[in-house]
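Tertiary structure, described
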Amino acid sequence: MATDITAYEEMIKGLWRDNPVFVQVLGMCPMLAVTNSAINAVVMGLATFFVLVGSSFLVSSFKQWIPKQVRISLYIIIIATFVTVVDYSLLAMLPAIHKELGAFIPLIVANCMILGRQEAFASKHNVKYAVMDAVGMSGGFMIALFALGSVREILGVGAFFGVDLFGANFEPWVIMILPPGGFLTLGLLLLFFNWFTERRRQFLDKVAEAERVAVAGVDKNG
Amino acid sequence: MTNTNENSKTHSARSQEPGSSRLIFSMAIAGFISGIIIISIYILTFDTIKENKARELREAVFKVLPNVSTMQKLHFSEDDSGADNKKLMVVKADGMDDEMMFAGYDQQGKFIGYAIQGKGPGFQDTIHVLFGYLSSRKNITGMEILDSRETPGLGDKIFKDMDFVGEFINLPMVKNIKAVKKGKKSKDNEIDAITGATISSKAVVRIINKAFNKWSPRLPQQGNEPVLAKTVVTKESGER
(Lines give C-alpha, C1' and ligand atoms only; values in the text may rest on other atoms or scores of the structure.)
Protein backbone atom coordinates (compact mmCIF):
# COMPACT_ATOMS: atom_id res chain seq x y z
CA MET A 1 0.00 0.00 0.00
CA ALA A 2 2.78 2.35 0.94
CA THR A 3 4.51 1.79 -2.40
CA ASP A 4 1.31 2.68 -4.21
CA ILE A 5 1.20 6.02 -2.50
CA THR A 6 4.76 6.88 -3.46
CA ALA A 7 4.28 5.73 -7.05
CA TYR A 8 1.26 7.98 -7.20
CA GLU A 9 3.33 10.80 -5.74
CA GLU A 10 6.00 10.26 -8.39
CA MET A 11 3.33 10.86 -10.99
CA ILE A 12 1.71 13.86 -9.31
CA LYS A 13 4.98 15.71 -8.76
CA GLY A 14 5.54 16.06 -12.51
CA LEU A 15 2.11 17.52 -13.08
CA TRP A 16 2.49 20.45 -10.73
CA ARG A 17 5.23 20.69 -8.08
CA ASP A 18 8.12 19.75 -10.40
CA ASN A 19 6.40 20.68 -13.64
CA PRO A 20 9.07 20.32 -16.36
CA VAL A 21 8.15 23.63 -17.97
CA PHE A 22 6.98 25.92 -15.21
CA VAL A 23 9.40 24.77 -12.50
CA GLN A 24 12.36 23.08 -14.20
CA VAL A 25 12.12 25.28 -17.32
CA LEU A 26 13.16 22.38 -19.57
CA GLY A 27 12.18 21.54 -23.12
CA MET A 28 11.77 25.16 -24.13
CA CYS A 29 12.46 24.58 -27.82
CA PRO A 30 9.27 22.69 -28.73
CA MET A 31 7.47 24.67 -26.04
CA LEU A 32 7.97 27.95 -27.89
CA ALA A 33 8.00 26.65 -31.43
CA VAL A 34 4.89 24.55 -31.87
CA THR A 35 2.43 26.14 -29.48
CA ASN A 36 0.83 28.51 -31.98
CA SER A 37 -2.37 26.49 -31.87
CA ALA A 38 -4.01 24.22 -29.32
CA ILE A 39 -4.13 21.16 -31.58
CA ASN A 40 -0.41 21.40 -32.42
CA ALA A 41 0.35 21.67 -28.72
CA VAL A 42 -1.73 18.61 -27.90
CA VAL A 43 -0.18 16.47 -30.65
CA MET A 44 3.31 17.57 -29.63
CA GLY A 45 2.41 16.73 -26.01
CA LEU A 46 1.17 13.28 -27.02
CA ALA A 47 4.29 12.59 -29.09
CA THR A 48 6.51 13.58 -26.16
CA PHE A 49 4.35 11.47 -23.83
CA PHE A 50 4.85 8.38 -25.99
CA VAL A 51 8.59 8.93 -26.33
CA LEU A 52 9.20 9.68 -22.65
CA VAL A 53 7.12 6.83 -21.26
CA GLY A 54 8.59 4.35 -23.74
CA SER A 55 12.18 5.42 -23.11
CA SER A 56 11.77 5.49 -19.33
CA PHE A 57 10.31 2.00 -19.43
CA LEU A 58 13.18 0.61 -21.50
CA VAL A 59 15.94 2.45 -19.66
CA SER A 60 14.58 1.33 -16.31
CA SER A 61 14.12 -2.26 -17.48
CA PHE A 62 17.63 -2.59 -18.89
CA LYS A 63 19.45 -0.43 -16.37
CA GLN A 64 21.58 -3.36 -15.12
CA TRP A 65 22.88 -4.03 -18.62
CA ILE A 66 23.60 -0.45 -19.56
CA PRO A 67 27.32 0.24 -18.88
CA LYS A 68 27.56 3.63 -17.29
CA GLN A 69 30.38 4.75 -19.61
CA VAL A 70 28.11 4.65 -22.66
CA ARG A 71 24.78 5.28 -20.96
CA ILE A 72 24.09 8.67 -22.57
CA SER A 73 24.64 7.28 -26.08
CA LEU A 74 22.38 4.35 -25.30
CA TYR A 75 19.67 6.65 -23.95
CA ILE A 76 19.88 8.70 -27.13
CA ILE A 77 19.58 5.56 -29.29
CA ILE A 78 16.48 4.48 -27.37
CA ILE A 79 14.92 7.94 -27.50
CA ALA A 80 15.73 8.40 -31.19
CA THR A 81 14.12 5.07 -32.04
CA PHE A 82 10.88 6.07 -30.33
CA VAL A 83 10.97 9.46 -32.01
CA THR A 84 11.36 7.86 -35.44
CA VAL A 85 8.39 5.63 -34.72
CA VAL A 86 6.32 8.68 -33.76
CA ASP A 87 7.54 10.60 -36.81
CA TYR A 88 6.50 7.94 -39.32
CA SER A 89 3.23 7.15 -37.55
CA LEU A 90 2.22 10.80 -37.59
CA LEU A 91 3.20 11.12 -41.24
CA ALA A 92 0.97 8.15 -42.04
CA MET A 93 -1.98 8.94 -39.77
CA LEU A 94 -2.09 12.73 -39.41
CA PRO A 95 -0.23 14.16 -42.42
CA ALA A 96 -1.74 17.63 -42.01
CA ILE A 97 -0.55 17.98 -38.43
CA HIS A 98 2.81 16.46 -39.26
CA LYS A 99 3.20 19.20 -41.84
CA GLU A 100 2.54 21.88 -39.22
CA LEU A 101 4.87 20.41 -36.62
CA GLY A 102 7.52 19.93 -39.29
CA ALA A 103 11.05 19.65 -37.99
CA PHE A 104 10.01 19.68 -34.35
CA ILE A 105 9.01 16.02 -34.26
CA PRO A 106 12.55 14.77 -35.05
CA LEU A 107 13.83 17.39 -32.61
CA ILE A 108 12.10 15.61 -29.70
CA VAL A 109 15.34 13.61 -29.59
CA ALA A 110 17.07 16.73 -28.36
CA ASN A 111 14.43 17.57 -25.77
CA CYS A 112 16.52 17.82 -22.65
CA MET A 113 13.54 17.03 -20.45
CA ILE A 114 13.44 13.47 -21.85
CA LEU A 115 17.17 12.79 -21.54
CA GLY A 116 17.08 14.43 -18.12
CA ARG A 117 14.42 12.04 -16.83
CA GLN A 118 16.42 9.02 -18.05
CA GLU A 119 19.60 10.20 -16.36
CA ALA A 120 18.04 11.56 -13.19
CA PHE A 121 15.26 9.10 -12.57
CA ALA A 122 14.65 6.10 -14.83
CA SER A 123 18.20 4.80 -14.56
CA LYS A 124 17.99 4.76 -10.76
CA HIS A 125 14.49 3.47 -10.06
CA ASN A 126 12.52 0.37 -10.87
CA VAL A 127 10.17 0.13 -13.82
CA LYS A 128 6.98 1.01 -12.00
CA TYR A 129 8.31 4.26 -10.54
CA ALA A 130 10.09 5.14 -13.76
CA VAL A 131 6.91 4.80 -15.80
CA MET A 132 4.83 6.72 -13.25
CA ASP A 133 7.43 9.47 -13.21
CA ALA A 134 7.45 9.59 -17.02
CA VAL A 135 3.64 9.74 -17.15
CA GLY A 136 3.63 12.61 -14.65
CA MET A 137 6.42 14.55 -16.30
CA SER A 138 5.04 14.25 -19.82
CA GLY A 139 1.57 15.00 -18.44
CA GLY A 140 2.94 18.18 -16.91
CA PHE A 141 4.69 19.01 -20.16
CA MET A 142 1.43 18.50 -22.03
CA ILE A 143 -0.49 20.73 -19.61
CA ALA A 144 2.07 23.49 -20.12
CA LEU A 145 2.04 23.11 -23.92
CA PHE A 146 -1.73 23.12 -23.94
CA ALA A 147 -1.94 26.21 -21.74
CA LEU A 148 0.45 28.10 -23.97
CA GLY A 149 -1.13 26.83 -27.18
CA SER A 150 -4.67 27.74 -26.09
CA VAL A 151 -3.72 31.24 -24.97
CA ARG A 152 -1.82 31.92 -28.16
CA GLU A 153 -4.48 30.52 -30.47
CA ILE A 154 -7.33 32.35 -28.71
CA LEU A 155 -5.55 35.70 -28.73
CA GLY A 156 -3.68 35.34 -31.99
CA VAL A 157 -6.33 33.79 -34.20
CA GLY A 158 -9.53 34.24 -32.20
CA ALA A 159 -10.22 30.53 -32.35
CA PHE A 160 -9.90 27.45 -30.18
CA PHE A 161 -9.08 24.11 -31.83
CA GLY A 162 -9.89 25.84 -35.11
CA VAL A 163 -13.39 26.86 -33.98
CA ASP A 164 -13.99 30.57 -34.42
CA LEU A 165 -14.79 32.20 -31.07
CA PHE A 166 -15.36 35.89 -31.54
CA GLY A 167 -16.84 36.30 -35.00
CA ALA A 168 -15.70 38.43 -37.90
CA ASN A 169 -15.21 41.66 -35.97
CA PHE A 170 -12.39 40.27 -33.87
CA GLU A 171 -9.04 41.66 -34.92
CA PRO A 172 -6.53 38.89 -34.17
CA TRP A 173 -3.50 39.82 -32.13
CA VAL A 174 -1.10 38.44 -34.71
CA ILE A 175 2.04 38.74 -32.60
CA MET A 176 0.73 36.03 -30.30
CA ILE A 177 1.16 33.30 -32.92
CA LEU A 178 4.57 34.58 -33.97
CA PRO A 179 7.70 33.62 -32.00
CA PRO A 180 7.67 36.77 -29.80
CA GLY A 181 4.16 35.84 -28.67
CA GLY A 182 5.53 32.53 -27.47
CA PHE A 183 8.11 34.25 -25.28
CA LEU A 184 5.57 36.76 -23.98
CA THR A 185 3.00 34.12 -23.09
CA LEU A 186 5.57 31.81 -21.53
CA GLY A 187 6.95 34.66 -19.45
CA LEU A 188 3.51 35.62 -18.21
CA LEU A 189 2.61 32.00 -17.44
CA LEU A 190 5.87 31.56 -15.49
CA LEU A 191 5.09 34.77 -13.60
CA PHE A 192 1.62 33.53 -12.77
CA PHE A 193 2.93 30.12 -11.74
CA ASN A 194 5.56 31.58 -9.44
CA TRP A 195 3.11 34.09 -7.96
CA PHE A 196 0.63 31.31 -7.31
CA THR A 197 3.26 29.04 -5.70
CA GLU A 198 4.47 31.92 -3.52
CA ARG A 199 0.94 32.78 -2.40
CA ARG A 200 0.27 29.15 -1.59
CA ARG A 201 3.46 28.90 0.45
CA GLN A 202 2.60 32.06 2.38
CA PHE A 203 -0.88 30.72 3.03
CA LEU A 204 0.48 27.39 4.29
CA ASP A 205 2.99 29.25 6.48
CA LYS A 206 0.17 31.31 7.92
CA VAL A 207 -1.90 28.22 8.64
CA ALA A 208 1.08 26.55 10.29
CA GLU A 209 1.74 29.68 12.35
CA ALA A 210 -1.90 29.91 13.43
CA GLU A 211 -1.86 26.25 14.40
CA ARG A 212 1.32 26.70 16.38
CA VAL A 213 -0.15 29.67 18.22
CA ALA A 214 -3.34 27.76 18.89
CA VAL A 215 -1.44 24.75 20.19
CA ALA A 216 0.73 27.02 22.33
CA GLY A 217 -2.37 28.73 23.66
CA VAL A 218 -3.96 25.40 24.54
CA ASP A 219 -0.73 24.40 26.26
CA LYS A 220 -0.69 27.58 28.31
CA ASN A 221 -4.33 27.33 29.30
CA GLY A 222 -4.16 23.62 29.92
CA MET B 1 41.39 -1.65 8.62
CA THR B 2 39.72 1.25 6.90
CA ASN B 3 42.65 1.54 4.58
CA THR B 4 42.54 -2.06 3.40
CA ASN B 5 38.80 -1.80 3.05
CA GLU B 6 39.13 1.19 0.73
CA ASN B 7 41.86 -0.55 -1.20
CA SER B 8 39.78 -3.61 -1.82
CA LYS B 9 36.89 -1.38 -2.80
CA THR B 10 38.85 0.45 -5.48
CA HIS B 11 40.28 -2.83 -6.60
CA SER B 12 36.89 -4.46 -6.97
CA ALA B 13 35.57 -1.34 -8.71
CA ARG B 14 38.42 -1.55 -11.19
CA SER B 15 37.87 -5.22 -11.87
CA GLN B 16 34.16 -4.53 -12.39
CA GLU B 17 34.80 -1.82 -14.93
CA PRO B 18 33.62 -3.21 -18.26
CA GLY B 19 36.16 -3.61 -21.05
CA SER B 20 35.82 -1.79 -24.33
CA SER B 21 34.54 -4.90 -26.03
CA ARG B 22 31.56 -4.94 -23.68
CA LEU B 23 30.87 -1.26 -24.32
CA ILE B 24 31.08 -1.75 -28.07
CA PHE B 25 28.93 -4.86 -27.79
CA SER B 26 26.14 -3.07 -25.92
CA MET B 27 26.19 -0.14 -28.33
CA ALA B 28 26.10 -2.52 -31.29
CA ILE B 29 23.18 -4.49 -29.86
CA ALA B 30 21.24 -1.29 -29.15
CA GLY B 31 21.98 0.07 -32.61
CA PHE B 32 20.97 -3.21 -34.24
CA ILE B 33 17.64 -3.45 -32.41
CA SER B 34 16.92 0.22 -33.05
CA GLY B 35 17.71 -0.28 -36.74
CA ILE B 36 15.30 -3.18 -36.99
CA ILE B 37 12.54 -1.15 -35.31
CA ILE B 38 13.11 1.84 -37.58
CA ILE B 39 13.09 -0.31 -40.72
CA SER B 40 9.89 -2.06 -39.66
CA ILE B 41 8.06 1.19 -38.95
CA TYR B 42 9.30 2.55 -42.29
CA ILE B 43 7.98 -0.47 -44.17
CA LEU B 44 4.73 -0.48 -42.20
CA THR B 45 3.92 3.17 -42.91
CA PHE B 46 5.43 3.43 -46.41
CA ASP B 47 2.27 2.57 -48.34
CA THR B 48 0.02 4.81 -46.27
CA ILE B 49 2.39 7.75 -46.61
CA LYS B 50 2.66 7.26 -50.37
CA GLU B 51 -1.11 6.91 -50.60
CA ASN B 52 -1.63 10.13 -48.61
CA LYS B 53 0.69 12.08 -50.87
CA ALA B 54 -0.90 10.72 -54.05
CA ARG B 55 -4.40 11.47 -52.72
CA GLU B 56 -3.42 15.00 -51.76
CA LEU B 57 -2.09 15.61 -55.25
CA ARG B 58 -5.14 14.03 -56.92
CA GLU B 59 -7.52 16.15 -54.87
CA ALA B 60 -5.52 19.27 -55.68
CA VAL B 61 -5.72 18.56 -59.43
CA PHE B 62 -9.48 18.08 -59.32
CA LYS B 63 -9.80 21.24 -57.25
CA VAL B 64 -7.89 23.56 -59.58
CA LEU B 65 -9.57 22.19 -62.71
CA PRO B 66 -13.36 22.47 -62.38
CA ASN B 67 -15.69 20.03 -64.17
CA VAL B 68 -12.92 17.50 -64.54
CA SER B 69 -13.68 13.90 -63.68
CA THR B 70 -10.59 12.06 -64.87
CA MET B 71 -6.95 12.99 -65.16
CA GLN B 72 -3.70 11.58 -66.42
CA LYS B 73 -0.09 12.45 -65.77
CA LEU B 74 2.03 13.90 -68.51
CA HIS B 75 5.78 13.84 -68.48
CA PHE B 76 7.95 16.11 -70.59
CA SER B 77 10.68 13.83 -71.89
CA GLU B 78 12.23 12.21 -74.91
CA ASP B 79 10.13 9.71 -76.77
CA ASP B 80 11.48 6.47 -78.20
CA SER B 81 12.79 8.10 -81.35
CA GLY B 82 15.70 9.61 -79.47
CA ALA B 83 17.23 12.79 -78.19
CA ASP B 84 16.32 16.39 -79.03
CA ASN B 85 12.74 15.42 -79.48
CA LYS B 86 11.21 16.16 -76.10
CA LYS B 87 7.47 16.19 -75.88
CA LEU B 88 4.64 15.54 -73.47
CA MET B 89 4.05 11.88 -72.90
CA VAL B 90 1.42 10.10 -70.88
CA VAL B 91 2.96 8.26 -67.94
CA LYS B 92 1.49 6.06 -65.28
CA ALA B 93 4.42 6.03 -62.90
CA ASP B 94 3.92 6.86 -59.26
CA GLY B 95 5.57 9.83 -57.70
CA MET B 96 6.23 13.15 -59.28
CA ASP B 97 9.12 15.24 -60.49
CA ASP B 98 9.56 18.75 -61.80
CA GLU B 99 8.98 17.75 -65.43
CA MET B 100 5.50 16.43 -64.70
CA MET B 101 2.08 17.95 -65.22
CA PHE B 102 -1.50 16.77 -65.45
CA ALA B 103 -4.24 16.83 -68.04
CA GLY B 104 -7.89 16.83 -67.00
CA TYR B 105 -10.81 15.36 -68.95
CA ASP B 106 -14.57 15.46 -68.53
CA GLN B 107 -16.86 12.44 -68.28
CA GLN B 108 -16.94 11.86 -72.03
CA GLY B 109 -13.16 11.84 -72.09
CA LYS B 110 -12.97 15.25 -73.72
CA PHE B 111 -9.90 17.30 -72.88
CA ILE B 112 -10.55 20.25 -70.59
CA GLY B 113 -7.33 21.71 -69.28
CA TYR B 114 -3.92 21.31 -67.72
CA ALA B 115 -2.81 21.35 -64.11
CA ILE B 116 0.69 22.79 -63.95
CA GLN B 117 3.00 22.68 -60.97
CA GLY B 118 5.67 25.13 -60.00
CA LYS B 119 8.20 25.47 -57.20
CA GLY B 120 10.04 28.46 -55.89
CA PRO B 121 11.35 30.20 -52.81
CA GLY B 122 8.77 31.66 -50.45
CA PHE B 123 9.31 33.61 -47.26
CA GLN B 124 10.77 30.70 -45.30
CA ASP B 125 11.04 27.69 -47.54
CA THR B 126 10.12 26.40 -50.97
CA ILE B 127 6.49 26.88 -51.94
CA HIS B 128 5.04 24.21 -54.19
CA VAL B 129 2.09 25.47 -56.23
CA LEU B 130 -0.36 23.71 -58.53
CA PHE B 131 -2.62 25.70 -60.83
CA GLY B 132 -5.18 24.82 -63.45
CA TYR B 133 -4.87 26.27 -66.94
CA LEU B 134 -7.45 26.31 -69.74
CA SER B 135 -5.40 26.61 -72.90
CA SER B 136 -8.50 27.26 -75.01
CA ARG B 137 -9.44 30.37 -73.05
CA LYS B 138 -5.98 31.23 -71.72
CA ASN B 139 -7.37 31.28 -68.21
CA ILE B 140 -6.01 30.15 -64.88
CA THR B 141 -8.86 28.21 -63.28
CA GLY B 142 -7.59 27.89 -59.73
CA MET B 143 -4.56 27.58 -57.50
CA GLU B 144 -3.58 25.19 -54.73
CA ILE B 145 -0.55 25.28 -52.46
CA LEU B 146 0.80 21.72 -52.30
CA ASP B 147 3.59 22.40 -49.84
CA SER B 148 4.80 25.42 -47.92
CA ARG B 149 6.29 26.47 -44.61
CA GLU B 150 5.12 30.06 -44.51
CA THR B 151 4.64 31.81 -41.17
CA PRO B 152 1.53 30.46 -39.46
CA GLY B 153 -1.10 33.17 -39.27
CA LEU B 154 0.52 35.42 -41.89
CA GLY B 155 2.21 33.69 -44.80
CA ASP B 156 -0.06 30.69 -44.63
CA LYS B 157 -2.90 32.93 -45.75
CA ILE B 158 -1.74 32.17 -49.29
CA PHE B 159 -3.85 29.03 -48.92
CA LYS B 160 -6.08 29.90 -45.96
CA ASP B 161 -7.32 33.30 -47.17
CA MET B 162 -10.12 32.41 -49.57
CA ASP B 163 -10.20 35.94 -51.00
CA PHE B 164 -6.63 35.51 -52.16
CA VAL B 165 -7.10 31.96 -53.45
CA GLY B 166 -10.30 33.10 -55.18
CA GLU B 167 -8.42 35.70 -57.19
CA PHE B 168 -6.80 32.90 -59.15
CA ILE B 169 -10.15 31.54 -60.34
CA ASN B 170 -10.74 32.57 -63.96
CA LEU B 171 -7.69 34.77 -64.04
CA PRO B 172 -6.72 35.72 -67.60
CA MET B 173 -3.18 34.62 -68.31
CA VAL B 174 -2.31 36.51 -71.46
CA LYS B 175 0.76 38.16 -70.04
CA ASN B 176 2.46 37.60 -66.71
CA ILE B 177 0.39 38.33 -63.64
CA LYS B 178 1.51 40.81 -61.04
CA ALA B 179 0.90 41.17 -57.31
CA VAL B 180 -0.08 44.68 -56.20
CA LYS B 181 -0.88 46.18 -52.82
CA LYS B 182 -4.31 45.23 -51.54
CA GLY B 183 -7.03 47.39 -53.08
CA LYS B 184 -4.76 48.78 -55.79
CA LYS B 185 -5.85 46.20 -58.34
CA SER B 186 -6.73 47.97 -61.59
CA LYS B 187 -5.82 45.65 -64.43
CA ASP B 188 -6.99 42.16 -65.32
CA ASN B 189 -3.60 40.59 -64.75
CA GLU B 190 -3.13 42.03 -61.28
CA ILE B 191 -3.61 40.23 -58.00
CA ASP B 192 -4.34 41.87 -54.64
CA ALA B 193 -1.54 40.81 -52.31
CA ILE B 194 -2.37 39.79 -48.74
CA THR B 195 -1.80 42.48 -46.13
CA GLY B 196 1.06 41.32 -43.90
CA ALA B 197 2.06 38.57 -46.31
CA THR B 198 3.26 40.55 -49.29
CA ILE B 199 6.39 38.47 -49.75
CA SER B 200 4.47 35.20 -49.73
CA SER B 201 1.82 36.56 -52.13
CA LYS B 202 4.45 37.85 -54.51
CA ALA B 203 6.28 34.52 -54.28
CA VAL B 204 3.12 32.66 -55.34
CA VAL B 205 2.63 35.01 -58.30
CA ARG B 206 6.28 34.69 -59.28
CA ILE B 207 6.17 30.90 -59.11
CA ILE B 208 3.04 30.78 -61.27
CA ASN B 209 4.60 33.09 -63.86
CA LYS B 210 7.78 31.08 -63.95
CA ALA B 211 5.98 27.76 -64.29
CA PHE B 212 3.67 29.19 -66.91
CA ASN B 213 6.52 30.55 -69.00
CA LYS B 214 8.31 27.23 -68.73
CA TRP B 215 5.32 25.12 -69.70
CA SER B 216 3.36 27.16 -72.22
CA PRO B 217 5.83 26.62 -75.11
CA ARG B 218 5.70 22.91 -74.35
CA LEU B 219 1.94 22.61 -74.59
CA PRO B 220 0.70 21.08 -77.84
CA GLN B 221 -1.36 23.09 -80.34
CA GLN B 222 -5.02 23.37 -79.62
CA GLY B 223 -6.79 20.29 -80.89
CA ASN B 224 -3.67 18.19 -80.50
CA GLU B 225 -4.07 17.65 -76.79
CA PRO B 226 -2.99 14.25 -75.51
CA VAL B 227 -5.83 11.76 -75.69
CA LEU B 228 -7.13 10.01 -72.66
CA ALA B 229 -5.39 6.72 -72.05
CA LYS B 230 -7.33 3.74 -70.77
CA THR B 231 -6.02 3.53 -67.23
CA VAL B 232 -6.61 6.83 -65.62
CA VAL B 233 -7.17 8.28 -62.22
CA THR B 234 -10.78 9.18 -61.57
CA LYS B 235 -12.20 11.56 -59.06
CA GLU B 236 -14.11 8.93 -57.11
CA SER B 237 -11.57 6.18 -56.80
CA GLY B 238 -7.86 5.88 -57.29
CA GLU B 239 -7.33 3.77 -60.37
CA ARG B 240 -9.98 2.58 -62.74
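To keep things clear, this report deals only with the structure shown in the data block.

About the criteria used
Residues numbered from 1 in each chain as written. Chains lettered and ligands numbered in written order. Predicted model: local features only at pLDDT ≥ 70, side-chain atom pairs only at ≥ 80, totals over all residues. Heavy atoms only, no water. Helix = DSSP H or I, 4+ residues; strand = E, 2+ residues; numbered from the N terminus. Buried < 20%, exposed > 50% of the residue type's maximum accessible area, 1.4 Å probe, protein only. Contact = heavy atoms within 4.5 Å. Areas by Shrake-Rupley, 256 points an atom, 1.4 Å probe, with all protein chains shown as cover. Lys, Arg positive; Asp, Glu negative; His and termini not counted. Charge placed at Lys NZ, Arg CZ, Asp CG, Glu CD. Salt bridge = Lys/Arg side-chain N within 4 Å of Asp/Glu carboxyl O. Expected span 1.5 Å × (residues − 1). Axes fitted to C-alpha atoms, helices over the stretch in contact; angles between N-to-C directions. Parallel < 35°, antiparallel > 145°, perpendicular 65-115°, else oblique. Nonpolar A, V, L, I, M, F, W, Y, C, P; charged D, E, K, R; others polar. Patch = residues over 30% accessible without salt bridge, like charges linked within 9 Å, V, L, I, M, F, W, Y side chains within 5 Å. Core = buried A, V, L, I, M, F, W, Y, C linked by side-chain atoms within 4.5 Å. Buried area = accessible area lost by both parts, 1.4 Å probe. Polar contact = N/O pair within 3.5 Å; in protein donor to acceptor, adjacent residues only side chain to side chain. Pairing = 2+ DSSP bridges. Left-handed = near helix turned anticlockwise from the far one by under 90°.

Section: the overall build of chain B
When helices and strands are tallied, chain B shows 5 helices and 10 strands. Expressed as a percentage of its 240 residues, the buried residues of chain B come to 41%. Restricting to contacts in chain B with at least 6 residues of sequence separation, those with at least 24 account for 56%. Accessible surface for chain B amounts to roughly 14200 Å². Of this, 53% is attributable to carbon and sulfur atoms.

Digging into the overall build of chain A
Looking only at helices and strands, chain A features 8 helices and 2 strands. Starting at the N terminus, the α and β elements of chain A follow one another as α-α-α-α-α-α-α-β-β-α. Relative to its full complement of 222 residues, chain A shows a buried share of 43%. The positive charge centre, built from 16 side chains, and the negative charge centre, built from 16, are 7 Å apart in chain A.

Examining the pattern of salt bridges
Residue and element names in this part refer to chain B. Within this structure, the stated rule accounts for 12 salt bridges over all chains. Of the charged contacts, one joins Lys63 and Glu144 as a salt bridge, the two residues approaching to 3.4 Å between their closest N and O atoms. Of the two residues, Lys63 is situated in helix H2 (residues 20–64) and Glu144 in strand E6 (residues 139–147); the sequence distance between them amounts to 81 residues. The exposure class assigned to Lys63 is exposed, which follows from its relative accessible area of 60%.

What to know about helix H7 (residues 127–156) of chain A
If you check H7 of chain A, its first and last C-alpha atoms are 42 Å apart, about what 30 residues at 1.5 Å a residue would give, namely 44 Å. Of the residues flanking the end of H7 of chain A, it is Gly158 of chain A, one or two places downstream, whose phi is positive at about 80°.

Side note on the packing of helix H4 (residues 71–93) of chain A against H2 of chain B
Two elements in contact, H4 of chain A and H2 of chain B, have axes separated by 8 Å at closest approach and are oriented at 10°. The orientation of H4 of chain A with respect to H2 of chain B, classified from their angle, is roughly parallel. Split into classes, the residues belonging to the contact of H4 of chain A with H2 of chain B amount to 13 nonpolar, 10 polar and no charged.

Considering a nonpolar patch on the surface
Residue and element names in this part refer to chain B. A surface patch of nonpolar side chains, amounting to about 590 Å² of accessible area, comprises Phe25, Ile29, Phe32, Ile33, Ile36 and Ile37. By secondary structure assignment, the location of Phe32 is in helix H2. A relative accessible area of 57% places Phe32 in the exposed class.

Some thoughts on the nonpolar core
Residues Val21, Met31, Val51, Ile105, Ile108 and Leu186 of chain A are the most contacted members of the largest nonpolar core, which totals 45 residues. Only helix H2 (28–33), helix H3 (38–61), H4, helix H5 (95–101), helix H6 (112–122), H7 and helix H8 (179–221) of chain A together with H2 of chain B provide two or more residues apiece to this core. If sequence neighbours within four positions are ignored, Val51 of chain A has contacts with Ile79, Phe82, Val83, Val86, Ile108 and Ile114 of chain A. Core analysis: the next-biggest nonpolar cluster, separate from the first, contains 36 residues, Ala103, Ile158, Ile177 and Trp215 of chain B among them.

Here's the deal with the interface of chain B and chain A
Size of an interface: often given as the accessible area lost when the parts come together. Contacts between the two partners involve 26 residues from chain B, matched on the other side by 23 residues from chain A. In total, about 2000 Å² of surface goes out of reach between chain B and chain A, with carbon and sulfur atoms giving 72% of it. In this assembly, chain B and chain A are joined by 0 salt bridges. Counting the contacts that link chain B with chain A gives 3 residue pairs in polar contact (both at pLDDT 80 or more).

Some words on the pairing of strand E3 (residues 100–105) of chain B
Buried residues dominate E3 of chain B, accounting for 6 of its 6 residues. Counting the residues in the hairpin turn of E3 of chain B and strand E4 (residues 111–121) of chain B gives 5 residues, including Gly109 of chain B, whose phi is positive at 85°.

Examining the packing of H3 of chain A against H6 of chain A
Packed helix pairs are specified by the crossing angle of their axes together with the interaxial distance, meaning the distance between the axes. Residues and elements named next belong to chain A. Interhelical geometry of H3 versus H6 gives an angle of 30° and a closest axis separation of 10 Å. By the angle between their axes, H3 is roughly parallel relative to H6. Viewed along their axes, H3 and H6 form a crossing whose handedness is right-handed. Residues Thr48, Val51, Leu52, Ser55, Ser56, Val59 and Ser60 of H3 lie in contact with H6, whose contacting residues are Met113, Ile114, Arg117, Gln118 and Ala122. Taken together, the residues of the contact of H3 with H6 sort by class into 6 nonpolar, 5 polar and 1 charged.

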